[in-house]
Every structure is written in structure tokens, then in C-alpha cells.
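Commentary on secondary and tertiary structure
Letter by letter, the chains look like this.
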Amino acid sequence: MDDFSVRDERDFHNLTTRPKRMHLLDEPNGYASALAKNNLAYQMQYSVEKLEEELVAQGAPHVLQLSLAGGSANTPASWTLHADGETVAHGSGEFARECFFRDATAFLDVCREAVLAADLAEWDSREYRLLSAARRIAAV
């Protein structure tokens, strides 16, 4: 038996889903700010910068670098986190995106756990400043 009335009630011309929204660690405060901050690469880099500031404030400084590869400038295909020159974490861009879909600090937490698990040497403030200077020189 054909249930024609049920098929008439369905609207097959407006089949859409609500896109997932990333939770942003660095919230934009205007239109121009939203254009710059509402991308995966920026939020990943900002998370790593916040983690480095947090480690310095705790008295356990480490120089952190995030390498992004592949994909586009806003959505990398893969990433690698280096702490004091050692690779401590590596993952796909999709993994990072899922972290930001879940929570604004999820990627930060993953990076924090990776740095702590790496059991890196402790640096004093002078050594940290030297490593930071070397990072800035290498970036030029």
C-alpha cells in the first residue's frame, strides 16, 4: 500500500544541516577580527602561544613551536608541535578541528599533556630567553 500523504508532508527541497561551529579560544571582537581569528591555523597557533605563556608563569618555561603543513593557509592538513627543539606531538588538521569543535581549550589541553609527557629538561629564565631569541632569529 502506498502512503502518499506522508510523502506529501516531507519537504525535500530544503535539506540542510547546521554546520558545526568551532569554539574559539581567542574570541573575535568585531567583523575584521572575526575574519582573522575564525580559522583553524590561527586558533592552533594562539593555543600554543597561550601554553608557552602558562608554562613561563608556572616557572617551567619551554620554547614551543607549531609547524603547520599541507592544506590551505587557514586549514592545515597536518601539524607538529616542537618543545625545546624536540617533536612532542604530531597530528592531522582534522584532529585539531575536532578538538575545537569539542571545546575551546581541547587543543591546548592536548598540547599541554604532550609537553608534560615529553619529560623535557628544565630551563632557567636566562636559558629560556636565549632559546626564545634563537627561535626569533630562525624565523627570520
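So, a few notes on the structure that sits alongside this text. (Residues numbered from 1 in each chain as written. Predicted model: local features only at pLDDT ≥ 70, side-chain atom pairs only at ≥ 80, totals over all residues. Heavy atoms only, no water.)

**Some points on the overall build of the protein chain**
Scanning the protein chain from N- to C-terminus turns up six helices and three strands. Listed by position from the N terminus, the elements making up the protein chain come as α-α-α-β-β-β-α-α-α. Split into buried and exposed, the 140 residues of the protein chain put 34% on the buried side. Across the protein chain, contacts joining residues at least 24 apart in sequence account for 49% of those joining residues at least 6 apart. Carbon and sulfur atoms make up 53% of the accessible area of the protein chain, which totals about 9200 Å². (Helix = DSSP H or I, 4+ residues; strand = E, 2+ residues; numbered from the N terminus. Buried < 20%, exposed > 50% of the residue type's maximum accessible area, 1.4 Å probe, protein only. Contact = heavy atoms within 4.5 Å. Areas by Shrake-Rupley, 256 points an atom, 1.4 Å probe, with all protein chains shown as cover.)

**Remarks on the packing of aromatic side chains**
All chains considered together, the criterion is met by three aromatic pairs. Taken together, a centroid distance of 5.0 Å and an interplanar angle of 75° make the contact between tryptophan 79 and phenylalanine 107 edge-to-face. With tryptophan 79 in strand β2 (residues 78-83) and phenylalanine 107 in helix α5 (residues 106-117), this residue pair connects regions lying 28 residues apart in the sequence. Phenylalanine 107 carries the same exposure label as tryptophan 79, and that label is buried. Pairwise contacts between aromatic rings join Trp79, Phe100 and Phe107 into one cluster. (Phe/Tyr/Trp six-rings, centres within 6.5 Å; stacked < 30°, edge-to-face > 60°.)

**A word on unusual backbone geometry**
Even without being a glycine, aspartate 84 presents a positive backbone phi close to 55°. Mapped onto the secondary structure, aspartate 84 falls in the loop between β2 and β3 (86-92). What makes aspartate 84 buried here is its relative accessible area of 18%.

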